[in-house]
Amino acid sequence: MKFVSVFSVLVVALLLMGFSMAGLPKPTEQHAKQVQQQFPGITVQQLNQGMELYKTHCKGCHFVKNPTRYSEAVWKQQVPAMVSRINKKGKKYISPEQSSLILNYVLVMGPYAKLSAN
Ligand code: HEC
């Protein structure tokens, strides 16, 4: 009996982790193509780098937030604010280049993806 309850807690924990990761939209060539006007020369590799950085740095204090959840204005304000908060803590350092890779990822996969879907 004890084994069953420990096991089910483990399964639920793994499922929750899985969902919070699986929830993040994955960039494709199509996404990169759609935003050439807003982000000239942007590549799917850069979007993927942004996603990885986002997954690494933007969880822990809260679950990683889906890019579709906030408007362009909120992301443009929150990403730099969160980055400087993390950098102030001094444990990890996020460079300005990494910060803009994160911002581009959430904008392209969130507010911008929504716009082009219409
Ligand atoms: C050191 C802990 C910490 C880390 C790491 C962190 N955040 Fe946050 N974040 C918070 C807290 C606390 C809040 C709650 C609202 C507040 O205090 O601004 C928050 C809120 C937010 C919000 C919601 C703001 C709103 O208006 O609802 C966004 C968006 C956000 N974070 C994005 C990010 C991004 C992007 C990263 C990675 C660069 C990140 N966070 C990493 C602590 C963190």
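Our structure is the block above this text.
Procedures and definitions
- Residues numbered from 1 in each chain as written.
- Predicted model: local features only at pLDDT ≥ 70, side-chain atom pairs only at ≥ 80, totals over all residues.
- Helix = DSSP H or I, 4+ residues; strand = E, 2+ residues; numbered from the N terminus.
- Buried ≥ 20, exposed ≤ 12 C-beta atoms within 10 Å, placed from the backbone.
- Contact = placed C-beta atoms within 7 Å.
- Near = placed C-beta within 6 Å.
- Nonpolar A, V, L, I, M, F, W, Y, C, P; charged D, E, K, R; others polar.
- Axes fitted to C-alpha atoms, helices over the stretch in contact; angles between N-to-C directions.
- Parallel < 35°, antiparallel > 145°, perpendicular 65-115°, else oblique.
- Left-handed = near helix turned anticlockwise from the far one by under 90°.
- Core = buried A, V, L, I, M, F, W, Y, C linked by C-beta atoms within 7 Å.
- Expected span 1.5 Å × (residues − 1).
- Arc of directions from axis to C-beta.

J.: Can you lay out the overall build of the protein for me, pointing to particular residues and giving the numbers?
T.: Each helix and strand counted, the protein has 6 helices and 0 strands in total. For the protein, the sequential pattern of α-helices and β-strands runs α-α-α-α-α-α. Residues classed as buried in the protein amount to 18% of the 118 residues present. In the protein, the share of contacts with a sequence separation of at least 24, taken over all contacts with a separation of at least 6, comes to 70%.

J.: Which residues make up the site of the ligand, and what are the values?
T.: For the ligand, the set of nearby residues contains 15 residues, the closest of which are His-57, Cys-58, Cys-61, Gln-78 and Met-82. Here the element with the most residues in the shell around the ligand is helix 4 (residues 72–89); it accounts for 7 residues. Class assignment for the residues of the shell around the ligand results in 9 nonpolar, 4 polar and 2 charged.

J.: Give a detailed account of the packing of helix 4 against helix 5 (residues 96–109), specifying residues and quantitative values.
T.: Helix-helix packing: each pair is described by the crossing angle between the helix axes and the interaxial distance. The interhelical angle for the contact between helix 4 and helix 5, taken along N-to-C directions, is 155°, at an axis separation of 10 Å. The angle between helix 4 and helix 5 falls in the class roughly antiparallel. In this structure, helix 4 meets helix 5 at a crossing whose hand is right-handed. Contacts from Glu-72, Trp-75, Lys-76, Val-79, Pro-80 and Val-83 of helix 4 reach helix 5 at Ser-99, Ile-102, Leu-103, Val-106 and Leu-107. The residue makeup of the contact of helix 4 with helix 5, split by class, is 8 nonpolar, 1 polar and 2 charged.

J.: So what's going on with the nonpolar core? Which residues, and what values?
T.: Membership of the largest hydrophobic core comes to 15 residues, with the highest contact counts inside it found for Leu-47, Tyr-54, Val-79, Ile-102, Tyr-105, Val-106 and Val-108. Among the secondary structure elements, those contributing two or more residues to this core are helix 3 (44–57), helix 4 and helix 5. The element that contributes the greatest number of residues to this core is helix 5, accounting for 7 residues.

J.: Go over the packing of helix 3 against helix 5 with me, naming the residues and quoting the values.
T.: Two numbers describe how helix 3 lies on helix 5: the axes approach to 8 Å, and their chain directions differ by 105°. By the angle between their axes, helix 3 is roughly perpendicular relative to helix 5. Here Gln-46, Leu-47, Gln-49, Gly-50, Met-51, Leu-53 and Tyr-54 of helix 3 come into contact with helix 5, specifically with Gln-98, Leu-101, Ile-102, Asn-104, Tyr-105, Val-106 and Val-108. Its residues placed into classes, the contact of helix 3 with helix 5 shows 9 nonpolar, 5 polar and no charged.

J.: Residue-level account of helix 3, with values.
T.: With 14 residues, helix 3 should cover 20 Å at 1.5 Å per step; its first-to-last C-alpha distance of 20 Å lies within 8% of that length. By the burial criterion, the buried members of helix 3 are Leu-47, Gly-50, Met-51 and Tyr-54. Angularly, the buried residues of helix 3 cover 100° about the axis, an arc narrow enough to put them on a single face. Where helix 3 is buried, its residues contact helix 2 (29–34) and helix 5.

J.: Give me the environment of Pro-27: which residues, what numbers.
T.: Within the element layout of this structure, Pro-27 appears in the loop between helix 1 (2–22) and helix 2. By the C-beta count within 10 Å, which is 23 here, Pro-27 ends up buried. Excluding residues that lie within four positions of it along the chain, Pro-27 makes contacts with Ala-32, Val-44, Leu-47, Asn-48, Met-51, Val-108 and Met-109.

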